[in-house]
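Architecture at a glance
Single-letter residue listing:
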Amino acid sequence: MKLRVLVVFGGVSVEHEVSIISALQAIEVLQVKYDVIPLYIAKTGVMYSDPSFLDIETFQNIDDVLQNKKPVHIIKHEQNGMVVYKKKFTLQKIPFDIVFPILHGTNGEDGSFQGFLKTLDVPFAGCDVLGGTLGQNKAVMKMVLQDRGLPIVPWFYWEEHQTMEEAFVQKVKRLGYPVIIKPANLGSSVGIHWVEDEEQLLTAMKDAFLYDSLVVIEKAIVHLKEINCSVLGDKAQCKTSVLEEVVKEDEILSFRDKYERGEKGKGMASLKRKIPADISSDMEEEIKQYAVNTFHALQCEGVCRIDFLIDCDGSIYVNEINTIPGSLSCYLWEKSGVSFSKLLDDVLQMGLKKYRISHNKIHSWNTNLLSMYEKGQGKLK
């Protein structure tokens, strides 16, 4: 019997459309070997499941499509789960064996959806709650990486309730212009600004606060190379992909660079890049070791992509991790001798393994504690 895979995508995120692209690319490959059930989360947060969501054209007029669809929800069933929806006067139930979340950004990649699945006690692939949270929040991520001794650029964070007066401006000056402004909990280069003076700084901060209440300010690396490395594995073991050098057209890699240039419908897979990256073998090995150390420090599982910066003097910095990378980094693994199909197989098997290990742990006690309380008293006898 084929494994029944519930692929979840969309979500309440500015990366909603990016998630759809990544998920449909994966589904096309998964359908060869598995029974795939698409579960789409609308921008309202409502869940829907229908075979029409396997077609990219469905999403061209999604608001009209959803008017004729019934919302669904997920429940626990035996060892796995079910998608449930109402059909006329009966409940229709679709069983599944494992969830494959391909939700980019907030309310999905950040550990929140993983927490929902853990509460339901259903198996899921990819990072657990902590890994998703650490990977999504750039401020906390940098704190963890600093604590582990991994190289990151000089930086600090600022919260929305803090006033941006002289103390803030002086702190930025100590970093030295140019700086990069980033909402802490977003990806796909949304809300990111390259800032060269105080006037640009305040405008960029106001824009970044439209997306998040926590903003990261970091020293910009001029004349840099951007190198990406994917890591596949879990806490027990992992391996690294071939490295890529990203070719960008602006100071920072923009949303347009990532998704609107290149071959239509390919997303990150069509980005201009050099594979393998044009760096020395020694630097390659150093980056791969940093990638593994970052993967473990941030408690990651499944397939992730870690982005690095290299400045003109050859210094290497860990920039960030993408726990659900665009295209699931399939192009890096294909160049490493791992097909997209094998990559997805591995991620699913690691998810099932994680679930088995979790169920071998003690999660509750058999206790008669409540019998010790007196009725209506709320206290021990």
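Look up: the structure comes first, before these words.
Since this is a predicted model, take the numbers as computed values, not measurements. (Residues numbered from 1 in each chain as written. Predicted model: local features only at pLDDT ≥ 70, side-chain atom pairs only at ≥ 80, totals over all residues. Heavy atoms only, no water.)

Our focus in this paragraph is the side chain of Glu 109. Structurally, the position occupied by Glu 109 is in the loop between strand S7 (98-101) and helix H3 (112-120). One buried charged side chain, Glu 109, makes no salt bridge at all; its nearest oppositely charged neighbour is Arg 305, positioned 8.4 Å away. Of the polar contacts made by the side chain of Glu 109, one reaches the backbone nitrogen of Gly 105; its length is 2.8 Å. Aside from chain neighbours lying at most four places away, what touches Glu 109 is Leu 103, His 104, Gln 114, Gly 132, Gln 136, Asn 322, Thr 323 and Ile 324. (Helix = DSSP H or I, 4+ residues; strand = E, 2+ residues; numbered from the N terminus. Buried < 20%, exposed > 50% of the residue type's maximum accessible area, 1.4 Å probe, protein only. Lys, Arg positive; Asp, Glu negative; His and termini not counted. Salt bridge = Lys/Arg side-chain N within 4 Å of Asp/Glu carboxyl O. Polar contact = N/O pair within 3.5 Å; in protein donor to acceptor, adjacent residues only side chain to side chain. Contact = heavy atoms within 4.5 Å.)

Counted residue by residue, strand S2 (residues 35-41) has six buried out of seven residues, so it is predominantly covered. Pairing of strand S1 (residues 4-10) with S2, which is carried by seven bridges, proceeds in the parallel orientation. Bridge pairing in S2 places Arg 4 opposite Asp 35. Viewed along the sheet, the connection from S1 through helix H1 (residues 16-30) into S2 turns out right-handed. In this antiparallel pair of consecutive strands, S2 and strand S3 (residues 47-48), the connection spans five residues, and Gly 45 shows a positive phi of 95°. (Pairing = 2+ DSSP bridges. Right-handed = clockwise from strand over helix to strand, strands pointing away.)

Moving on to unusual backbone geometry. Across the junction of Tyr 177 and Pro 178, the peptide omega takes the value 0°, indicating a cis bond. Mapped onto the elements of the fold, Pro 178 is located in the loop between helix H6 (166-175) and strand S9 (179-183). Cis geometry is found at the peptide bond from Ile 275 to Pro 276, where omega equals 0°. Structurally, Pro 276 can be placed in the loop between strand S15 (273-274) and helix H9 (281-297).

What follows covers the packing of H6 against helix H7 (residues 198-208). One can describe the packing of H6 onto H7 by two numbers: an axis separation of 11 Å at closest approach and a directional angle of 115°. The angle between the axes of H6 and H7 places the two elements in the roughly perpendicular class. As H6 runs across H7, the sense of the crossing is right-handed. Where H6 abuts H7, its residues Phe 168, Val 169, Val 172 and Lys 173 lie against Glu 198, Leu 201 and Met 205. Broken down by class, the residue content of the contact of H6 with H7 amounts to five nonpolar, no polar and two charged. (Axes fitted to C-alpha atoms, helices over the stretch in contact; angles between N-to-C directions. Parallel < 35°, antiparallel > 145°, perpendicular 65-115°, else oblique. Left-handed = near helix turned anticlockwise from the far one by under 90°. Nonpolar A, V, L, I, M, F, W, Y, C, P; charged D, E, K, R; others polar.)

This part is about the packing of aromatic side chains. Enumeration according to the criterion identifies ten aromatic pairs in this entry. Geometrically, the ring pair formed by Phe 113 and Phe 116 is tilted, given 5.7 Å between the ring centres and 45° between the ring planes. A residue pair is termed a helical-turn pair when its members lie 3 or 4 positions apart in one helix, as Phe 113 and Phe 116 do in helix H3 at three residues. The exposure class of Phe 113 is buried, given its relative accessible area of 6%. With 6.2 Å between their ring centres and 85° between their planes, Phe 156 and Trp 158 make a pair best called edge-to-face. Trp 158 gets classed as buried once you look at its relative accessible area, which sits at 10%. An aromatic cluster of at least three residues, connected via ring pairs, comprises Phe 9, Tyr 40, Phe 53 and Phe 59. Directly above the ring of Trp 155 sits Lys 142, whose terminal nitrogen or CZ lies 6.0 Å from the centroid. Residue placement shows Arg 273 over the ring face of Tyr 331; its charged tip is 4.0 Å from the ring centre. (Phe/Tyr/Trp six-rings, centres within 6.5 Å; stacked < 30°, edge-to-face > 60°. Lys NZ or Arg CZ within 6 Å of the ring centre and 35° of its normal.)

All right, on to the state of the cysteines then. All told, the structure shown has zero disulfides when counted by the stated rule. The closest cysteine sulfur to the non-disulfide-bonded Cys 300 is located on Cys 127, 3.9 Å from its own sulfur. Given a relative accessible area of 1%, Cys 300 falls into the buried group. Among the cysteines around Cys 330, which has no disulfide bond, Cys 304 carries the closest sulfur, lying 15 Å off. (Disulfide = S-S within 2.5 Å.)

What follows is about the sheet that holds strand S11 (residues 214-219). An order of S8-S11-S9-S10 is seen for the four strands of this open sheet, with the pairing classed as antiparallel. One side of each edge strand has no neighbouring strand; the edge strands of this open sheet are strand S8 (155-159) and strand S10 (193-195). In this sheet, adjacent strand axes meet at a mean angle of 25° when their direction is disregarded. In this structure, S8 lies alongside S11, joined through five bridges in antiparallel fashion. From the neighbouring strand, Glu 159 faces S11, where its bridge partner is Leu 214. In this fold helix H5 (residues 138-147) packs onto S8, S9 and S11, with an angle of close to 145° to the strand it touches most, S8. In the packing of H6 onto the sheet, the strands contacted are S8, S9 and S11, and the crossing angle to S8 comes to about 160°.

Next up on the list: the pattern of salt bridges. Under the counting rule described, the total for this entry stands at 14 salt bridges. Where Asp 97 meets Arg 4, a salt bridge forms, and the shortest distance between an N and an O atom there is 2.9 Å. With a gap of 93 residues between them, Asp 97 in the loop between strand S6 (90-96) and S7 and Arg 4 in strand S1 connect regions that are remote in the sequence. Asp 97 gets classed as buried once you look at its relative accessible area, which sits at 10%. Between Lys 342 and Asp 346 there is a salt bridge, with its nearest N and O atoms 2.8 Å apart. Pair noted here: Lys 342 and Asp 346 are both in helix H11 (residues 340-359), with a separation of four residues, about one helical turn. The network of salt bridges with common partners includes Lys 142, Lys 182, Glu 218 and Glu 320.

Geometric descriptors of this kind do not, in isolation, establish any biological role.
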